[in-house]
Amino acid sequence: MTMPSTLISIADLQARRQAWDSDGAKVAFVPTMGALHQGHLSLVKQARNLADRVIVSIFVNPTQFGPGEDLSKYPRTLSADLELLARENVEAVFLPSDATMYPDGFQTYVHGKGMALQLEGSSRKHHFEGVLTVVLKLFNLVQPHVAIFGKKDYQQWRLIEQMVADLNLPIKIIGGETLRDSDGLAMSSRNRYLSEGERQLAPFIYQGLLAAKAGFAAGERSPEVLIASCRNVIEQHQDFVVDYIELRQRRNLLPCGTSVAEASVMLVAVRLGTTRLIDNMEMD
Ligand code: PAF
């Protein structure tokens with residue numbers, strides 16, 4: 001097992017990137033904040049199948065965390081992450097510092113409108129500004145041909161597709177399917193915050209989404225009814241505090257109107273104790 005090269009500075013990254021260009025290599029990129037799990041690794045496997053070289057970034061991006069969010073306690077598991085990436089034959093891992101990404105005087109941000117201001121963007125005010133800014137910077141530095149994002153963060157994935165289209169970036173964006181534990185809980189680095197009791201309850205988010213999907217499959221097209229069927233399952237358990245449960249058009253994440261006529265997705269955000277969890281399911 002060969003450990004991936006760890007590239008710390010922008011100069012290291014650029015030198016490696018130029019060498020790959022000279023080889024005519026196709027480059028796939030998986031941006032992460034570390035604390036890797038099988039969900040991330042499935043994105044890396046997809047990357048492996050799409051390109052000659054795979055590069056992963058690990059950077060806990062401070063600008064996408066709001067005041068009082070979990071930046072300081074976000075899990076950091078670098079040596080385990082590097083071993084997992086070695087097993088997937090990842091060639092390089094970019095590990096920039098905060099000062100590398102946001103040097104003194106940094107002041108330019110990507111501010112999405114429309115789709116960026118709703119759902120997660122409404123609950124977490126500057127979240128997507130931080131995400132889009134860091135992803136654009138990473139794209140400019142890594143210059144990948146293709147980049148893979150998990151559909152677990154559905155809105156993030158759609159916003160990045162939109163940014164790439166709007167700003168004419170020559171990068172193909174791929175959405176990787178959500179991986180779930182055997183009881184249906186979507187894999188997430190934040191699941192490790194859950195107490196044992198909360199971990200037992202967390203799969204009811206998936207059960208709620210399945211209830212809505214079953215309703216849809218049976219012909220129900222009222223967003224209100226479909227949302228209520230998901231909500232009823234989740235709210236049976238008083239420990240959940242629902243932030244939102246929404247049925248949106250997949251294309252633009254706008255509400256579906258009074259009857260679902262287009263490809264849609266149900267998106268859920270809840271709090272369980274001090275942990276905020278999100279999940280989603282495409283209705284088809
Ligand atoms: O999904 C994540 O882990 C982060 O939001 C990302 C895309 C790596 C940007 O920091």
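Refer to the structure above for everything that follows.
Residues numbered from 1 in each chain as written. Predicted model: local features only at pLDDT ≥ 70, side-chain atom pairs only at ≥ 80, totals over all residues. Heavy atoms only, no water.

Chemist: Looking at this model, I keep getting lost on the site of the ligand. Mind explaining?
Modeler: Every residue near the ligand is listed here: Pro31, Thr32, Met33, Asn61, Gln64, Val134, Phe149, Asp153 and Gln156. Within the side chain of glutamine 64, an N or O atom sits 2.6 Å from an oxygen atom of the ligand. Within the side chain of glutamine 156, an N or O atom sits 2.7 Å from an oxygen atom of the ligand. For the ligand, whose accessible area on its own is 290 Å², the fraction buried by protein is 89%. Looking at the shell around the ligand, its residues break down into four nonpolar, four polar and one charged. (Near = heavy atom within 4 Å. Polar contact = N/O pair within 3.5 Å; in protein donor to acceptor, adjacent residues only side chain to side chain. Areas by Shrake-Rupley, 256 points an atom, 1.4 Å probe, with all protein chains shown as cover. Nonpolar A, V, L, I, M, F, W, Y, C, P; charged D, E, K, R; others polar.)

Chemist: Would you explain the packing of aromatic side chains in this entry?
Modeler: Two aromatic rings are characterised by how far apart their centres lie and by the angle between their planes. Going through the model one piece at a time under the given rule, you end up with seven aromatic pairs. With centroids separated by 6.1 Å and ring planes inclined at 75°, the aromatic side chains of phenylalanine 139 and phenylalanine 149 adopt a geometry described as edge-to-face. One end of the pair, phenylalanine 139, is in helix α6 (residues 127-142); the other, phenylalanine 149, is in strand β5 (residues 146-150), with ten residues separating them in the sequence. Phenylalanine 149 shares its class with phenylalanine 139; the two are buried. Its end group placed over the ring of tyrosine 193, lysine 73 keeps NZ or CZ at 4.3 Å from the ring centre. (Phe/Tyr/Trp six-rings, centres within 6.5 Å; stacked < 30°, edge-to-face > 60°. Helix = DSSP H or I, 4+ residues; strand = E, 2+ residues; numbered from the N terminus. Buried < 20%, exposed > 50% of the residue type's maximum accessible area, 1.4 Å probe, protein only. Lys NZ or Arg CZ within 6 Å of the ring centre and 35° of its normal.)

Chemist: Help me understand unusual backbone geometry in this model?
Modeler: With the exception of glycine, most residues fall at negative phi, and the peptide bonds are largely trans. The phi dihedral of asparagine 89 falls on the positive side, at around 60°, and the residue is not glycine. In this structure, asparagine 89 sits in the loop between α3 (78-87) and β4 (92-94). One non-glycine residue, glutamine 143, lies in positive phi territory at about 45°. With respect to the helices, strands and loops of the structure, glutamine 143 is situated in the loop between α6 and β5.

Chemist: Is there a simple way to explain the sheet that holds strand β9 (residues 275-283) in this structure?
Modeler: The strands making up a sheet associate through hydrogen bonds between their backbones, and the pairing can be parallel or antiparallel. Strand order in this open sheet of three strands is β7-β8-β9, and the pairing throughout is antiparallel. The open sheet has two free edges, formed respectively by β7 (240-249) and β9, since each of these has just one partner strand. Across the sheet, the axes of successive neighbouring strands diverge by a mean angle of 15°, strand direction being ignored. Relative to β9, strand β8 (residues 264-272) runs antiparallel, the two being bridged by nine bridges. (Pairing = 2+ DSSP bridges. Axes fitted to C-alpha atoms, helices over the stretch in contact; angles between N-to-C directions.)

Remember that the coordinates give geometry; whether it matters functionally is a separate question.
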